[in-house]
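Tertiary structure, described
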Amino acid sequence: YFGADRDTGIFRRTWGRIGCDNVYLDAQGGTGFVAGGANVYTADARINAVVAFAPDIIHAHGTVNDASKTALEISTGVALFVSKLRAASYTGWIVITGHVGNGNTTGTETTYEANLRAAVAAVTATDSKVVFVPASGDAAGPWVEGSGNVTATTGVGNADDIFGSDTVHPVQRGMEI
């Protein structure tokens, strides 16, 4: 699992629910497919460590850190991420999920997920072992609904129970849902 944050209980639980109990976590706040973050431990630095773990599936998710990036930047970042994994001899599946955001299904989050979906589609044209799973644009409905958080509840959707006061990072309860 590649992510932008170590608050990733939600993803450990997701994979655990489908029978993957051996999950290797390699995440760093502030990063994304484009965003490098203030820390030197970027996605580039993590690729060899993850490939050495020899996973059956690598899961990376969209992040708020890339939400302001252009479609071209996101497309280039995703293509580079996948090509670096393949160059490091990783031949397994790569699953990229949309951003599990604060339920903002209009504006930035919707645009970002559409750009991410298009970026992954461009990669799948030449690599059939890369798939996209929508989060805010899921046909069954967004994974998170509402725009509240635990300190500023709105009474709409599940965001009130998931996100801390920054409306970005999940609280413990949010990781357990």
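Let's shift gears to the overall build of the chain. For the chain, the count of helices and strands is 6 helices and 5 strands. In the chain, the order of α-helices and β-strands from amino to carboxyl end is β-α-β-α-β-α-β-α-β-α-α. Counting across all 177 residues of the chain, residues that qualify as buried make up 42%. Sequence separation of 24 or more characterises 61% of the internal contacts of the chain that already satisfy a separation of 6 or more. When the accessible surface of the chain is totalled, it reaches about 8500 Å², and 54% of it is carbon and sulfur.

The next thing to look at is the pairing of strand β4 (residues 93-97). Burial of β4 is extensive: 4 of the 5 residues sit out of reach of the surface. As paired strands, strand β3 (residues 57-61) and β4 are joined by 5 bridges and run parallel to one another. Bridging across to β4, Ile 57 finds its partner in Trp 93. Summarising the sheet, β4 and strand β5 (residues 130-133) pair through 4 bridges and their orientation is parallel. Residue Ile 94 lies in a different strand from β5, and its bridge partner there is Val 130.

Bringing the confidence of the model for the chain into the picture now. Scored by pLDDT, the chain has a mean of 81; 80% of the residues are at 70 or more. No element of the chain has a lower mean pLDDT than strand β1 (residues 2-3), at 52, and none a higher one than helix α3 (residues 71-87), at 94.

Compared with the 24 Å implied by 1.5 Å per residue over 17 residues, the 24 Å span of helix α4 (residues 108-124) between its first and last C-alpha is a close match. Those residues of α4 lying buried are Glu 109, Tyr 112, Glu 113, Asn 115, Leu 116, Ala 119, Val 120 and Val 123. Take α4 and look down its axis: the buried residues cluster within an arc of 160°, on one side only. Buried residues along α4 sit against α3, β4 and β5.

Quick look at the environment of Val 95 now. As for its placement among the helices and strands, Val 95 is situated in strand β4. For Val 95, a relative accessible area of 12% puts it in the buried group. Sequence separation between Val 95 and Ile 57 is 38 residues; the distance between their C-alpha atoms is 7.1 Å. Ignoring sequence-local partners within four residues, the contact set of Val 95 consists of Trp 15, Ile 57, Ile 58, His 59, Ala 60, Val 131 and Val 133.

Interaxial distance between α3 and α4 falls to 9 Å at its minimum, and their mutual angle equals 45°. When the axis of α3 is compared with that of α4, the two are oblique. As α3 runs across α4, the sense of the crossing is right-handed. On the side of α3, the interface is formed by Ala 71, Ile 74, Ser 75, Val 78, Ala 79 and Val 82, while α4 contributes Tyr 112, Asn 115, Leu 116, Ala 119, Val 120 and Val 123.

Counting across every chain of the model gives 1 aromatic pair. For the ring pair Phe 33 and Phe 81, a centre distance of 5.3 Å and an interplane angle of 75° mean the geometry is edge-to-face. Separated by 48 residues along the polypeptide, Phe 33 in the loop between β2 (26-27) and α2 (43-52) and Phe 81 in helix α3 bring together distant segments of the chain. When sorted by exposure, Phe 33 lands in the same class as Phe 81, which is buried.

The rules we used
Residues numbered from 1 in each chain as written. Predicted model: local features only at pLDDT ≥ 70, side-chain atom pairs only at ≥ 80, totals over all residues. Heavy atoms only, no water. Helix = DSSP H or I, 4+ residues; strand = E, 2+ residues; numbered from the N terminus. Buried < 20%, exposed > 50% of the residue type's maximum accessible area, 1.4 Å probe, protein only. Contact = heavy atoms within 4.5 Å. Areas by Shrake-Rupley, 256 points an atom, 1.4 Å probe, with all protein chains shown as cover. Pairing = 2+ DSSP bridges. pLDDT = per-residue confidence, 0-100. Expected span 1.5 Å × (residues − 1). Arc of directions from axis to C-beta. Axes fitted to C-alpha atoms, helices over the stretch in contact; angles between N-to-C directions. Parallel < 35°, antiparallel > 145°, perpendicular 65-115°, else oblique. Left-handed = near helix turned anticlockwise from the far one by under 90°. Phe/Tyr/Trp six-rings, centres within 6.5 Å; stacked < 30°, edge-to-face > 60°.

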